[in-house]
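# A structural walkthrough
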2 protein chains.
Amino acid sequence: LKLILIGFGVVNQSLTKVLSQKSNDLLRKYGLKPKIVAVTDSQGTAINPEGLDPELLLRVKQLKGTVGSYPRFSQPSMNSIDVIENVDADVVVEATPTLGGDPEPGLSHIRKALIAKRHVVTTNKGPLAVAMPTLLNLASKNDVRLRFSGTVGAAIPILDLIEKCAKGDKIVSVSGILNGTTNYILTRMAEAEIEMKEALKEAQRLGYAERDPSCDLSGLDTARKLVILANLAMGKQASIKDVEFTGIENITLNDVLEAKKASCMIKLIGSASDRLKVEPVKISYNSLLCVRGAMNAITLKSELGGEITLIGKGAGGPETASAIIRDLIEIKCSITESIARGKILQ
Amino acid sequence: LKLILIGFGVVNQSLTKVLSQKSNDLLRKYGLKPKIVAVTDSQGTAINPEGLDPELLLRVKQLKGTVGSYPRFSQPSMNSIDVIENVDADVVVEATPTLGGDPEPGLSHIRKALIAKRHVVTTNKGPLAVAMPTLLNLASKNDVRLRFSGTVGAAIPILDLIEKCAKGDKIVSVSGILNGTTNYILTRMAEAEIEMKEALKEAQRLGYAERDPSCDLSGLDTARKLVILANLAMGKQASIKDVEFTGIENITLNDVLEAKKASCMIKLIGSASDRLKVEPVKISYNSLLCVRGAMNAITLKSELGGEITLIGKGAGGPETASAIIRDLIEIKCSITESIARGKILQ
């Protein structure tokens, strides 16, 4: 399986590390032999059709700040779109960041890759939040897969679980804590009785919040994940425009302490039933969604199965890498299958 | 997909109901057109290669107590083994009860069905708890599937989730509350401050406990589920003999109240890491496993993904039926695939 990695931040670096550590396991258990043939980051590109060396990629990135410094195989003239369109590969792993509300450059990367008939694995919520139905259509038209397990609750195989639950049953609502940063902040405000500013600083120091936390605090990150969940679980054709969202910026220490007096916590809850909504909600200590720290918690309600709740860490490098690997295994299986089917037609 | 139903208690009656209600959905979404060609219960057998009528099956069972009274197609001379070996069918759905420690008659049903090259879906823990590795081997040798999603946490697709999680990651431990009956009893003892005897009566009145609750109270039911989980999640080759188990029979109201004082609850926890163990454990209100009522809760710990916890109802007719339907869809997919592969070889 030849891979192009677009973006080489925490996620794709973790993936590179794990692929190299687990190569024996992946080959033995799944016949999966991934080969990284190209990597681009914001400052450079490295390409080798025979495969780039994972260790060397990581070292170069760490020492020089860009894969563009990879010895011998640097290709300064090619940008990410050139790579996607021209390098021979099976899968494009798109893991660039979404900054603010802009779905680019991820959206173009995914679109071009699908048109070039490459399977896509992405951990990028922005493009899906604005154009998920269109992109899934485009994938199906080009007979390739678009997988995105890393976008929601990375460590929790929630998207896989939804596909399973939906088999022979019908999911009627989804709700939960989809953002670990805000959960950490709200938890710390309640536990240590500190102001949001202070809790945020703590979260940043521990790596739970980014330097610019506005996307988390405003509810935008939760809203994006909710779009992805609702489209997949409930067959909606929603985009970010369909979500009413309120963030936690205006929650005060006083609000948190009032809730505490009533044995409740304030949580930023995303919920999808008839409408898609994100807002701070006061929930009881006894509620299954009342999880602490940076945890995510998601409740699915289905016709036959009733309510199921999943709790786990939402993000982190290794967790997201494990989600990408699940997607790669899915794709490998579907390639094997379609080769099998294709041969019948001949 | 031609089905033989062995046993016609709550589970297979629910399945029959759901299959009839959802037939359009199943056909449209999965190309699945299940046809019940034979049903046996402890008192009789009905067979029709053209398909038995679901509504009529349910009515006859309700009015006469046995499918043996099904008009025209009753076959009093055939027992369940005869049916499994001689009626033409794709899948045997085994849902007889396991009484006490005896894995029969389920074990023979499953074995004969696999040898007759029929796929098997079972909700019966007993046979798997004593012979899971052997039965899985037998299935693989006969090129058929043995699925058992309904045996553990029916409403929670925990076995499917384990298969997913294990892809490209490694599950290192499993622990949780696997029995809703004991959880209900322990919860009520703590909440209402009542003796176990009283809580048990309440559970029986509400249908959470059977008339003979010994299998739940002794920890045997939890131990069986633990064997299934550990074998699947961690590649163990365990049987019930490998589990050290202690039940809740000796837990007193006093124990429960002592725990309560320390903001803890006593729960019957099954856990698998190096060893397989079932025992009452005092756990804190803050623990994710501290769920109330008849809920099940399971925590998986994996190398990359960290800890994931799933919470949901463990049992119930419709929930178990939904698990069987997931298994039937899996089997349908694997049949389609193997036809595709088979054609290549020709």
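Preceding block: the structure.
In this report, we go over the structure that sits alongside the text. Everything numeric in this text was worked out from a predicted model, so none of it was measured.

For the rest of this paragraph, the subject is the packing of aromatic side chains. Per the stated rule, a full pass over the model turns up 4 aromatic pairs over all chains. Relative to Phe73(B), the ring of Tyr70(B) has its centre 6.4 Å away and its plane inclined at 55°; by these criteria the two rings are tilted. When its relative accessible area of 23% is taken as the criterion, Phe73(B) is described as partly exposed. Seen in terms of ring centroids, Tyr184(B) and Tyr208(B) are 4.7 Å apart; in terms of plane orientation they differ by 45°. Their pairing is tilted. Of the two residues, Tyr184(B) sits in helix H8 (residues 180-192) while Tyr208(B) sits in the loop between helix H9 (196-205) and helix H10 (214-217), which places them 24 residues apart along the sequence. When the ring centre of Tyr285(A) is taken as reference, the NZ or CZ atom of Arg292(A) above it lies at 5.5 Å.

Here the focus is the pairing of strand E3 (residues 44-47) of chain B. Residues and elements named next belong to chain B. Side chains of E3 alternate between two faces, with Gly44 and Ala46 and Thr45 and Ile47 buried alike. Sheet analysis places strand E2 (residues 35-41) next to E3, joined by 4 bridges and oriented antiparallel. Bridge pairing in E3 links Asp41 to Gly44. With antiparallel pairing between neighbouring strands as the criterion, E2 and E3 make up a hairpin whose turn holds 2 residues.

Strand order across the open sheet formed by 6 strands is E3-E2-E1-E4-E5-E6 (chain A), with mixed pairing between neighbours. Edge positions in the sheet fall to strand E3 (44-47) and strand E6 (146-147) of chain A, since each of these pairs with one other strand and no more.

Our next topic: helix H8 (residues 180-192) of chain A. The α-helix winds at 3.6 residues per turn, so residues separated by three or four positions along the chain end up facing the same way. Residue and element names in this part refer to chain A. Between its first and last C-alpha, H8 extends 18 Å over 13 residues, near the 18 Å set by a 1.5 Å rise per residue. Of all 13 residues in H8, 10 are buried, a share of seventy percent or more. Taken together, the buried positions of H8 are occupied by Gly180, Thr181, Thr182, Asn183, Tyr184, Ile185, Leu186, Thr187, Met189 and Ala190. Next to the buried residues of H8 lie strand E7 (171-177), helix H9 (196-205), helix H10 (214-217), helix H12 (253-261), strand E9 (264-272) and strand E11 (295-302). The N-terminus of H8 is capped by Asn179, whose side-chain oxygen sits 3.1 Å from the backbone nitrogen of Thr181. Looking one or two places after H8, you find Glu193, whose phi comes out positive at around 50°.

Interface size is commonly expressed as the accessible area that is lost once the parts come together. The partner chain A presents 44 residues to the 44 residues of chain B that form the contact. Buried area between chain B and chain A, summed over both chains or domains, comes out near 3600 Å², and the portion from carbon and sulfur atoms is 65%. Three residues stand out in chain B for area buried against chain A, namely Lys164(B), Lys167(B) and Leu304(B), and they jointly supply 18% of the buried area on that side. The tally of links between chain B and chain A comes to 2 salt bridges. Across the pair Glu303(A) and Lys22(B) runs a salt bridge whose closest N-O atoms are separated by 3.0 Å. Along the contact surface separating chain B from chain A lie 4 residue pairs in polar contact (both at pLDDT 80 or more). Breaking the side of chain B that touches chain A down by element, the ones donating at least two residues are helix H2 (23-30), helix H7 (158-165), strand E12 (306-313) and helix H13 (317-345) of chain B. The leading source of residues in the side of chain B that touches chain A is H13(B), at 13 residues. Considered class by class, the residues forming the side of chain B that touches chain A number 20 nonpolar, 7 polar and 17 charged.

Right, let's get into the pattern of salt bridges. Tallied over the full model, the rule gives 36 salt bridges over all chains. The partner of Arg326(A) in a salt bridge is Asp160(A), and the shortest N-O contact between them spans 3.1 Å. Placement of the pair is Arg326(A) in helix H13 (residues 317-345) and Asp160(A) in helix H7 (residues 158-165), with a sequence separation of 166 residues. For the pair Arg326(A) and Asp160(A), a shared accessibility class is recorded, and that class is buried. Asp221(B) is the salt-bridge partner of Lys225(B), the closest N and O atoms lying 2.8 Å from each other. Taken together, the residues Lys225(B) and Asp221(B), both in helix H11 (residues 220-234) and 4 residues apart, mark about one turn of the helix. We classify Lys225(B) as buried; its relative accessible area is 10%. On the basis of relative accessible area, Asp221(B) is assigned to the buried category, the value being 6%. Linked by salt bridges that have partners in common, Arg147(A), Asp160(A), Glu163(A), Arg326(A) and Asp327(A) make up one network.

About the cut-offs
- Residues numbered from 1 in each chain as written.
- Chains lettered and ligands numbered in written order.
- Predicted model: local features only at pLDDT ≥ 70, side-chain atom pairs only at ≥ 80, totals over all residues.
- Heavy atoms only, no water.
- Phe/Tyr/Trp six-rings, centres within 6.5 Å; stacked < 30°, edge-to-face > 60°.
- Buried < 20%, exposed > 50% of the residue type's maximum accessible area, 1.4 Å probe, protein only.
- Helix = DSSP H or I, 4+ residues; strand = E, 2+ residues; numbered from the N terminus.
- Lys NZ or Arg CZ within 6 Å of the ring centre and 35° of its normal.
- Pairing = 2+ DSSP bridges.
- Expected span 1.5 Å × (residues − 1).
- Contact = heavy atoms within 4.5 Å.
- Polar contact = N/O pair within 3.5 Å; in protein donor to acceptor, adjacent residues only side chain to side chain.
- Buried area = accessible area lost by both parts, 1.4 Å probe.
- Salt bridge = Lys/Arg side-chain N within 4 Å of Asp/Glu carboxyl O.
- Nonpolar A, V, L, I, M, F, W, Y, C, P; charged D, E, K, R; others polar.

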